[in-house]
Amino acid sequence: MGGGLLVAGTTSDAGKSVVTAGICRWLVRHGVKVTPFKAQNMSLNSFVTREGAEIGRAQAMQAQAARVEPTALMNPVLLKPGSDRSSQVVLMGKPVGEMSARGYHGGRQEQLLGTVLECLAELRGTYDAVICEGAGSPAEINLRRTDIVNMGIARNARLPVLVVGDIDRGGVFASFFGTVALLSPEDQEFVAGFLVNKFRGDVSLLEPGLDMLKSLTGRRTYGVLPFQHGLGIDEEDGMAVSLRGPVRESAVSSPVGEDILRVAVCAIPLMSNFTDVDALAAEPGVVVRFVDRAEELVDADLVVVPGTRGTVRALEWLRERGLADALVRRAAEGRPVLGICGGFQILGEHIEDEVESRAGRVDGLGLLPVRVRFAREKTLTRPVGEALGESVEGYEIHHGVAQVTGGEPFLDGCRVGEVWGTHWHGSLESDGFRRAFLREVAAAAGRRFVPAAGTSFAALREEQLDRLGDLIEEHADTDALWRLIESGAPTGLPFIPPGAPA
């Protein structure tokens, strides 16, 4: 059976996804046949595999880091929040129903442990190494009994655990110690050590603390990863998106033409697959920002209404905030608007929804001649086509079935004037199509913007994944990491009181 490692975190967004991807890229560059795995993911950013299974977008990114084709085995359980208290449960790539958090943790989660372990065993029988990502924190003691993604899977599959902490937030030593000290003696046996993420400054100043942490816990630190701007990898969900900030932390590249293009993305509730706009942000001279106020659309050359897990709720939100009226005014003025998936549905004439919101018939914004009916079966496909004279690839994830009654054809949707709509996610990653679309936007906006001829989104993504591999290669003890993956946690690790409550 292949080796394995579980990358856990002191908190959500500690860097588990980045570290998992980095370890995958480091290993594959050294000839190791490696795959990612996340037993249970909660995310509104998802992806469709070639066999038509829906998995977390982060796991698809990690699969690319490992240079393998993503499959449902890599993320057997995906939870897609529909409200603060309920989520759609996606099992082995297919939706199996809505469930409250209480219902899921009250029994359903434990029933899925067998499926999760079978998927992991199959991957370990196929690959040299499986790098697993945990969720949240392993020290969530209220959820330990039903845990299938952190210590529950580590103990069942006998995986060593590496705990990642984000030092940029502060309190990393207390977080490391507290994480171990809140685990039962049986769980603590599998916690091998720590990895510091997002460190700024001179590592020698940190070393006394790392030495004290080892004396307190008996566990070493396997590396200190420096803070890096603009990594630009796929996020787990929208929680990390700042409404006031740009898509990328790095500075916008200089434009090829005389003007830049400003893109405003409506930060609608339950925003999903907002990674669609990453390809726009990668273009030199394109500035992409998330916005939530009508006045922020005034100077935008393009407004994007992205996907959402709650189309009717997002429509109401747009109306409440005056954004709906602003979009209607833009359309009347011939100023570009792009709707993707749920955003496409919002731009239509009306929505019949007895599935997602159960709101019945709801009027859309009426900007496109489209009528949408929500079906119980979810569409999960990887379409290929042509638009604006260029080849396009994408993926579809939606319950809404669109009946297009007019306009010019545009992918699976339509275009009326400068309003465009499609269910296709990922279409803007097709370089030729993206450049053709931006030329149309620039012309309509009266901007002397010229797309860069040599921008390859796939190549940029590969560069970012290589940067993650470099972080591990250069700043982690890779020999010690490989021993963990191959042989498991060291024996004789001490128990740190008080341990988990009985």
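To start, this report covers the structure provided alongside it. These figures come from a predicted structure and were not determined experimentally.

Next up on the list: the pattern of salt bridges. With the rule as written, the count across this model stands at 31 salt bridges. For arginine 434, the salt bridge identified is with glutamate 283, shortest N-O distance 2.8 Å. Of this pair, arginine 434 sits in helix H13 (residues 431–445) while glutamate 283 sits in the loop between helix H9 (278–281) and strand E15 (286–291), and the two are 151 residues apart along the sequence. Here arginine 447 makes a salt bridge to aspartate 301, at a shortest N to O gap of 2.8 Å. On the criterion of sequence distance, the pair formed by arginine 447 in the loop between H13 and helix H14 (457–475) and aspartate 301 in the loop between E15 and strand E16 (302–305) is long-range, its members being 146 residues apart. The exposure class assigned to arginine 447 is partly exposed, which follows from its relative accessible area of 29%.

Taken together, the seven strands give an open sheet; going across it, the order is E15-E13-E16-E18-E27-E26-E25, and neighbouring strands pair in mixed fashion. Pairing within the sheet leaves two strands with one partner each, and these edge strands are E15 and strand E25 (408–410). Between one strand axis and the next, the sheet turns through 20° on average, direction left out of account. By the bridge criterion, three bridges tie strand E13 (residues 261–266) to E16 in an arrangement that is parallel. Bridging from a neighbouring strand, valine 263 pairs with leucine 302 of E16.

What follows deals with the pairing of strand E19 (residues 350–353). The sheet contact formed by E19 and strand E20 (residues 360–363) spans four bridges and is antiparallel. Residue histidine 350 lies in a different strand from E20, and its bridge partner there is aspartate 363. As consecutive antiparallel partners, E19 and E20 are separated by six residues, and within that stretch arginine 358 has a phi angle of approximately 55°, a positive value. Where E19 lies against strand E21 (residues 370–381), three bridges are found, and the strand directions are parallel. Across the sheet, histidine 350 pairs through a bridge with arginine 371, a residue of E21.

Running from amino to carboxyl end, helix H1 (residues 16–29) crosses helix H2 (residues 57–66) at an angle of 20°, the nearest separation of the two axes being 7 Å. The angle between the axes of H1 and H2 places the two elements in the roughly parallel class. Considering only the axes of H1 and H2, their crossing is right-handed. Along the contact surface, H1 presents Ser17, Thr20, Ala21, Cys24, Arg25 and Val28, while H2 presents Ala58, Met61, Gln62, Gln64, Ala65 and Ala66.

A sheet is described by the order of its strands in space; here four strands give the open sequence E3-E6-E7-E8, paired in mixed fashion. Two strands lie at the open edges of the sheet, namely strand E3 (40–42) and strand E8 (94–100), each paired on one side alone. Averaged over all adjacent pairs, the angle separating strand axes in this sheet is 25°, with direction ignored. Sheet analysis places E3 next to strand E6 (residues 77–81), joined by three bridges and oriented parallel. Bridge assignment links glutamine 40 to a residue of E6, and that residue is valine 77.

Moving on, we come to the packing of aromatic side chains. As enumerated under the stated definition, the model contains seven aromatic pairs in all. Centroid distance phenylalanine 274 to phenylalanine 290: 5.9 Å. Interplanar angle 85°. Geometry classified as edge-to-face. Here phenylalanine 274, found in the loop between strand E14 (271–272) and H9, pairs with phenylalanine 290, found in strand E15; they are 16 residues apart in sequence, far enough to count as distant. Plain terms: the ring middles of phenylalanine 410 and phenylalanine 433 are 6.0 Å apart, the flat faces sit at 35° to each other, and that makes the pair tilted. Remark: phenylalanine 433 occurs in helix H13 and phenylalanine 410 occurs in strand E25; sequence separation between them is 23 residues. As far as the burial class goes, phenylalanine 410 and phenylalanine 433 line up, both buried. Taken together, the ring pairs connect Phe410, Trp420, Phe433 and Phe437 into an aromatic cluster. Sitting over the face of the ring of tyrosine 127, lysine 33 holds its NZ or CZ atom 5.3 Å from the ring centroid. Note that arginine 200 overlies the ring of phenylalanine 227, its terminal NZ or CZ placed 3.7 Å from the centroid.

One finds Ile23, Leu27, Val34, Phe37, Ile131 and Val161 to be the most contacted residues of the largest nonpolar core, which totals 78 residues. Of the residues forming this core, the biggest block, eight residues, is contributed by H1. With residues up to four places along the chain from it excluded, the contact list for isoleucine 23 reads Leu5, Val7, Ile131, Ile472 and Ile485.

Let us look at H2. Each full turn of the α-helix corresponds to 3.6 residues, which orients residues three or four apart in the same direction. In terms of burial, H2 is largely enclosed, as nine of its 10 residues are buried. Directly after H2, the chain includes arginine 67, whose backbone phi takes a positive value near 60°.

Position of glutamate 54 among the secondary structure elements: in strand E5 (residues 54–56). Owing to a relative accessible area of 0%, glutamate 54 belongs among the buried residues under this scheme. There is a polar contact of 2.6 Å between the side chain of glutamate 54 and the side chain of lysine 80. A distance of 2.8 Å separates polar atoms of two side chains, one belonging to glutamate 54 and the other to lysine 378. Other than its neighbours up to four places away in sequence, glutamate 54 contacts Ser46, Phe47, Leu78, Lys80, Val90, Gly93, Lys378, Leu380 and Ile397.

Each value, and the rule that gives it
- Residues numbered from 1 in each chain as written.
- Predicted model: local features only at pLDDT ≥ 70, side-chain atom pairs only at ≥ 80, totals over all residues.
- Heavy atoms only, no water.
- Salt bridge = Lys/Arg side-chain N within 4 Å of Asp/Glu carboxyl O.
- Helix = DSSP H or I, 4+ residues; strand = E, 2+ residues; numbered from the N terminus.
- Buried < 20%, exposed > 50% of the residue type's maximum accessible area, 1.4 Å probe, protein only.
- Pairing = 2+ DSSP bridges.
- Axes fitted to C-alpha atoms, helices over the stretch in contact; angles between N-to-C directions.
- Parallel < 35°, antiparallel > 145°, perpendicular 65-115°, else oblique.
- Left-handed = near helix turned anticlockwise from the far one by under 90°.
- Contact = heavy atoms within 4.5 Å.
- Phe/Tyr/Trp six-rings, centres within 6.5 Å; stacked < 30°, edge-to-face > 60°.
- Lys NZ or Arg CZ within 6 Å of the ring centre and 35° of its normal.
- Core = buried A, V, L, I, M, F, W, Y, C linked by side-chain atoms within 4.5 Å.
- Polar contact = N/O pair within 3.5 Å; in protein donor to acceptor, adjacent residues only side chain to side chain.

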